[in-house]
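# Descriptive structure summary
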Amino acid sequence: MRLINLTRDNYLKVICIILVCIIPEIIAWPFKQHINILGIIFSSVITLGFIGFFYGIFQRFWFVMLLAVVNFFFLAIANHVKFSILKKPIYLADLYIMHEGLKMYAKSMELFDIFMIVAIVTILFFASFKAWNVGTREKKITKIKVIFIGSLLFIILLHAILFLNSHLVPRGVKAYRNLGVPTSLIFFHISSMHLEKIDLNKAVYVNTILSRFQQKPNINLSKEQFPDIIFVLSESFFNPDYLENISIKPDVAPFMSKLRGEKPLNLYSPVFGGNTLQAEFEALTGISILYFEESIRMDEAKNYMITRKIPFALPNYLRTIGYKTIYIHPYIKTFFMRAQMFENLGFDSAFFQEDMTDLALANEVFIADSEMYDQARKFLDKDQGRPVFIFMTSIQNHFPYNKKEHYSNNSGVERFDIFSDKLTDEQLLRLTNFSKGINLTDKATKKFIEYLKNRNRPTLIVFTPDHLPAFDDIFNKLEYFPKNSIYLTNGFIYSNYELPKLEYPNELSMFFIYPLILRLASLPTTSWHNYMLNMINECPVLYNCSPDKYADLYSITKYKLAKEL
């Protein structure tokens, strides 16, 4: 049996296959420091496996080649654009982010997802059935069958090998340089399913460190005296009043500027311009996302919060000491699969857009921050019989900002005169719309704070942005980044009671807000919390941490994940 007939046409097909197999390596050109022959071969073999699989299904050689070239072409463009902006290659998780973003504009996205899944499974089933039955009547093994079955087994075997030996394969940009795009994309996804275990000797070392912090601070409060805690993670919040080389009248957020002057909170978000899930992970678990492989950070955070209960998470811990825990997010519960996550984090109740009625939109797309605060007020007005922890992630100030009539439906919007000879008309429009939203947040926050001032119960509010808005072009033109990090956010702390005298650095990594909240509320703490509170002064910003402190914190992080999860 001759599977390959070396005719002129087949020679042409072989050349075409070789060219298609090396296209992924062209995609990775920005990351290449040198030519890696092994990487090119490995990447080409994987690409060949997928080509063979789809050829076995469609049985149309030139159609499969066209399909591969078109996909690689768009992959190359996306890779080039992302690298030029963020200096990072594309990851498989980017497809998930793009899909979640589309949900904002397509309310029927879930039905579309179901339809696509059913359609793809049906097509693959019948196409595979067709490939398997080629030549059945003649009772012989055809080359279509050999190619299809061989490619399928190769893909399954590859995934199994990579999954079982994840520690042997490089990830991130290093993997792109050494192994090529197809291998890296597959491996990043597989790696996100792994939870690294800590060895016994390291566990003893970690326990030795934590044993030094067993002493709990003096807590004179009874459970009835524990303060209510409100934690606001505000979507893309940034005060444009802080910008230079620009004229903005009137002030955009005067009330919150005053609060910041009294008790500022400057946190380094783990992300810029998006991917809020990672900021939520840090704030609620006290674990830095920076310890995860860059290419799979969002997958790691999502998988941890979806598939596992996290006993040491802030809501779970507060429940153990008597708190009722509530999550409020005025957007759809399927976005980032939050409904599953927050049960594992320890929230007694979670309220999403689907659970709320008669909510006013701040603009054409998103629910107003004032409505989010009103939902919190309803819970605070009820006698819960125990202290309350409310965590809120807003949505009002999410992009887009480039529509001329973005706030035309809101009579409470302020008019802003913004001028800068450094910005284009399009950039001024985006900044103006953004400022209108921030001003609405300022007014809503002022109303909520005035409500808290008159409460009989002690109440602590922590307000922090999840990240800066994706205004890298505007920030660069106004020379904001040279003076301020792309990750540094500006929030505040407020209480209607006298806070304990506590000195902490002016700038902190976001994951430190978890233990800081416990200390500000004068709540009981564990040895891990005490260790983290000590690290606040020794290593306030993880980027600038000394190698030995960084290594210890890394060991403790792995220990918490491996032991608790």
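### Overview of the side chain of S288
For S288, the position within the fold is in the loop between α11 (276-285) and α12 (297-307). Reaching out from S288, the side chain makes a polar contact with the side chain of E282 at a distance of 3.5 Å. The residues touching S288, leaving out its near neighbours within four places in the chain, are E282, F511 and L542.

### Thoughts on the packing of aromatic side chains
Scanning the model with the defined rule gives 32 aromatic pairs in all. Here the aromatic rings of F351 and F379 are separated by 4.8 Å at their centres, their planes lie at 50°, and the arrangement is tilted. In this pair, F351 sits in strand β5 (residues 349-351) while F379 sits in helix α15 (residues 369-381), placing the two residues 28 residues apart along the sequence. Classification of F351 as partly exposed rests on a relative accessible area of 22%. For F379, a relative accessible area of 11% corresponds to the buried category.

### Description of the nonpolar core
The biggest cluster of nonpolar side chains holds 68 residues, and the ones touching the most others in it are F389, F391, I513, L523 and Y531. When near neighbours in sequence (up to four residues on either side) are disregarded, F389 contacts I229, F231, L284, L314, P315, L318, Y323, K324, T325, I326 and F347. Residues V232, I328, L428 and I438 belong to the second largest nonpolar core, which totals 50 residues.

### Some remarks on the sheet that holds strand β4 (residues 324-328)
Spatial strand order, β5-β4-β6-β1-β8-β9-β3-β10: eight strands in an open sheet with mixed pairing. Edge positions in the sheet fall to β5 and β10 (507-509), since each has one partner strand and no second. With strand direction ignored, the average angle separating the axes of adjacent strands in the sheet is 20°.

### Some remarks on the pattern of salt bridges
All told, the structure shown has nine salt bridges when counted by the stated rule. Across the pair D348 and R319 runs a salt bridge, and its minimum N-O distance is 3.2 Å. Separated by 29 residues along the polypeptide, D348 in the loop between α14 (338-345) and β5 and R319 in helix α13 (residues 314-320) bring together distant segments of the chain. Residue D348 is classed as partly exposed on the basis of its relative accessible area, which comes to 32%. Overall, R319 belongs to the partly exposed group, its relative accessible area being 37%.

Rules used throughout
Residues numbered from 1 in each chain as written. Predicted model: local features only at pLDDT ≥ 70, side-chain atom pairs only at ≥ 80, totals over all residues. Heavy atoms only, no water. Helix = DSSP H or I, 4+ residues; strand = E, 2+ residues; numbered from the N terminus. Polar contact = N/O pair within 3.5 Å; in protein donor to acceptor, adjacent residues only side chain to side chain. Contact = heavy atoms within 4.5 Å. Phe/Tyr/Trp six-rings, centres within 6.5 Å; stacked < 30°, edge-to-face > 60°. Buried < 20%, exposed > 50% of the residue type's maximum accessible area, 1.4 Å probe, protein only. Core = buried A, V, L, I, M, F, W, Y, C linked by side-chain atoms within 4.5 Å. Pairing = 2+ DSSP bridges. Axes fitted to C-alpha atoms, helices over the stretch in contact; angles between N-to-C directions. Salt bridge = Lys/Arg side-chain N within 4 Å of Asp/Glu carboxyl O.

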